[in-house]
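Observations on the model geometry
Here are the chains, one letter per residue:
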Amino acid sequence: MTTRPDERDVASLKGRAVSVREILDLFQVRVRDHRSVHRISQALADAGLTTLPDFAVCGLRSTVEVVPLASVPAQRTSVEADDETDDALPSHALPQRLLLGDIPSARRGLLSVGPGTPLSQTTFLMRTKGLSQVPVTTGMAQVHGVVTWGSVAKMYEAGKPATLDNAMEKDSLPVADARQEFFTALPVIREHGYLLVRGDDGCLSGIVTAADVTERFEGAARPFFIVGEIESLLRRCLGAALDGEAIRAVQTNRKPEQRSGQVSDLMFGDYLKLLDGDQTKQSLAERADRNWEALKWPNMPREQFIGLLKRVKDIRNRIAHFDEKPLPQEMLDELTTFAKVLRAFAP
């Protein structure tokens, strides 16, 4: 839950460059979601402040400037801001520069062996720990080489004695700094299958493998694609059942002459306005009852459907804010379940 700090503490941020993490810590928030972002933004606004760029869409390590609200032109109203959160991601909401150190395995630590370790102990470690590479180091600072299953095979093919020194890769070892851009390191990972990473102290802090790259981007990309499918299915269902007048009625974030009545122009929050019979605005709630009837889903429990739709909206907002932590499995399961439900009803 967001805790509102003392007004003097909020006001003291004025004119400072602070990390997003510092702002969240001040409000005792661990994860950004639409509720915590709204409350923090409101507290800043009450103090006459805002951030450049928007703290809601930056990485946790990013630095933002806390500036007077009046110095930023064309501020949106809170309603407009909530609606835009549900829209397609604007260009300034794209993730910040990704560094090698942002990959968890790059700072997780790694197992290594010393130069005098018998080869049999090294390969036993690799087998029992499921490792494909083990660096040979002195104090994690000096890297003598790396033992891989490929280098062991080459040793035997060359008929060399089975020693650690003969089994090591020693030339052109793939080593990089944690502050290096991640994407510039991809060709090295593709070539070698791994990349040793040095931390800020110059010692090895972790290793990034091809499997880590796959895991990182599967975890980041899969929720985006599922949410994209959900939106596509919702639009197919709503577009087949509702007319332009029903669509224009929920496009309240636009001027009347700009309300297209096209389902393709809806934002995610508009789906709830179209279908939620318990929303605060009575006129929209009554229209929502008629819209639900128009869908002709007699076997779909409306309350449970709306509950799932609200959960998907919350998860979508979390994805849109580029939380650095991977989406929890239970949230991914909720997205997958809702997509399956919609597939069965989409025309």
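Each remark here, short or long, concerns the structure printed above.
These remarks concern the structure in this document. Computed from a predicted structure; not experimentally measured. Residue numbering note: each chain is counted from 1, following its sequence as written. Owing to the predicted nature of the model, reporting of local features is limited to residues with pLDDT of at least 70; listing and counting of side-chain atom pairs is limited to 80 or more, with chain, interface and lining totals taken over all residues. Based on all heavy atoms of the structure, the side-chain values leave hydrogens and waters out of the count.

**Details of the sheet that holds strand 8 (residues 194–198)**
The strand order across the open sheet built from 3 strands is 7-8-9, with neighbouring strands paired in mixed fashion. If you trace the sheet from one side to the other, it starts and ends with strand 7 (175–177) and strand 9 (204–209), each paired once. Taken over all neighbouring pairs, the strand axes of this sheet differ in orientation by 35 degrees on average, direction set aside. Those strands touched by helix 8 (residues 182–192) are strand 8 and strand 9, and its axis lies near 130 degrees from that of strand 8. Between any two strands, pairing holds if DSSP finds at least two bridges. Secondary structure follows DSSP: runs of H or I at least 4 residues long count as helices, runs of E at least 2 residues long count as strands, and numbering of each begins at the N terminus. The convention used is that axes are lines fitted to C-alpha atoms, helices contributing only their stretch in contact, and that angles between N-to-C directions extend from 0 to 180 degrees. Any pair of residues with heavy atoms lying within 4.5 Å of one another is described as a contacting pair.

**Digging into the packing of helix 5 (residues 119–129) against helix 6 (residues 149–157)**
Each pair of packed helices gets described by two things: the angle between the helix axes and the distance between those axes. Two elements in contact, helix 5 and helix 6, have axes whose closest approach is 12 Å; the angle formed by their N-to-C orientations is 140 degrees. By the angle between their directions, the pair helix 5 and helix 6 is classed as oblique. Helix-helix and strand crossings are classified by hand; for helix 5 and helix 6 the assignment is left-handed. Counted together, Leu119, Thr123, Met126 and Arg127 of helix 5 and Trp149, Val152 and Met155 of helix 6 form the full contact between these two elements. The classification used treats Ala, Val, Leu, Ile, Met, Phe, Trp, Tyr, Cys and Pro as nonpolar, Asp, Glu, Lys and Arg as charged, and all other residues, Gly among them, as polar. Here the residues of the contact of helix 5 with helix 6 sort into 5 nonpolar, 1 polar and 1 charged. For classification purposes, an angle smaller than 35 degrees is called roughly parallel, one larger than 145 roughly antiparallel, one from 65 to 115 roughly perpendicular, and anything else oblique. Here a crossing is called left-handed whenever its near helix is offset anticlockwise from the far helix by less than a right angle, and right-handed whenever the offset is clockwise.

**A closer look at the pairing of strand 3 (residues 63–68)**
Pairing of strand 1 (residues 17–19) with strand 3 involves 3 bridges; the strand directions are antiparallel. Counted as the bridge partner of Val18 is Val64 from strand 3. Across 4 bridges, the pairing between strand 2 (residues 49–52) and strand 3 is antiparallel. Among the inter-strand pairings, Thr51 is bridged to a residue of strand 3, identified as Val66.

**Let's talk about the pattern of salt bridges**
A carboxyl oxygen of Asp or Glu within 4 Å of a side-chain nitrogen of Lys or Arg is what we treat as a salt bridge. Within this structure, the stated rule accounts for 15 salt bridges. Salt-bridge contacts for Glu245 lead to Arg287; the nearest nitrogen and oxygen are separated by 3.4 Å. Note that Glu245 is positioned in helix 10 (residues 244–250) and Arg287 in helix 12 (residues 282–295), a separation of 42 residues in sequence. Each residue gets one of three labels from its accessible area relative to the maximum for its type: buried under 20%, exposed over 50%, partly exposed in between, using a 1.4 Å probe on protein chains only. Glu245 gets classed as partly exposed once you look at its relative accessible area, which sits at 47%. Given the relative accessible area of 26%, Arg287 is considered partly exposed. Shared partners join several salt bridges into a network, and the residues in it are Asp177, Arg179 and Asp200.

**Overview of the environment of Thr337**
Mapped onto the elements of the fold, Thr337 is located in helix 14 (residues 329–345). Here Thr337 falls in the partly exposed class, since its relative accessible area comes to 40%. Spatially, the C-alpha atom of Thr337 lies 9.2 Å from that of Leu308, the residues being 29 residues apart in sequence.

**Some words on the packing of aromatic side chains**
Two aromatic rings from Phe, Tyr or Trp, using only the six-membered ring of Trp, form a pair when their centres are within 6.5 Å; if the ring planes differ by under 30 degrees the pair is stacked, by over 60 it is edge-to-face, and anything between is tilted. In the structure shown here, the tally under the stated rule is 7 aromatic pairs. Through a chain of ring-to-ring contacts, three or more aromatic side chains come together here, namely Trp292, Trp297, Phe305, Phe338 and Phe345.

**Describing the nonpolar core**
Only buried residues count toward a nonpolar core, which is a set of Ala, Val, Leu, Ile, Met, Phe, Trp, Tyr and Cys residues joined through side-chain atoms within 4.5 Å. In terms of nonpolar packing, the biggest core is built from 37 residues, with Ile230, Phe305 and Leu335 touching the most fellow members. Of all the elements in the fold, those that place two or more residues in this core are helix 9 (210–241), helix 10, helix 11 (268–275), helix 12, helix 13 (302–320) and helix 14. In terms of residues, this core owes the most to one element, helix 9, which gives 7 residues. Contacts of Phe305, omitting those with residues within four sequence positions, involve Leu234, Leu275, Trp292, Trp297, Met300, Phe338 and Leu342. Counting 17 residues, the second largest nonpolar core, distinct from the first, contains Val10, Ile23, Ile40 and Leu49.

**Quick notes on the packing of helix 11 against helix 12**
Contact pair helix 11 / helix 12: the axes reach a minimum separation of 6 Å and the direction vectors enclose 85 degrees. When the interaxial angle is binned, helix 11 and helix 12 end up roughly perpendicular. For the pair formed by helix 11 and helix 12, the contact residues are Lys273, Leu274 and Leu275 on the first element and Leu284, Ala288, Asn291, Trp292 and Leu295 on the second. Looking at side-chain class alone, the contact of helix 11 with helix 12 contains 6 nonpolar, 1 polar and 1 charged residues.

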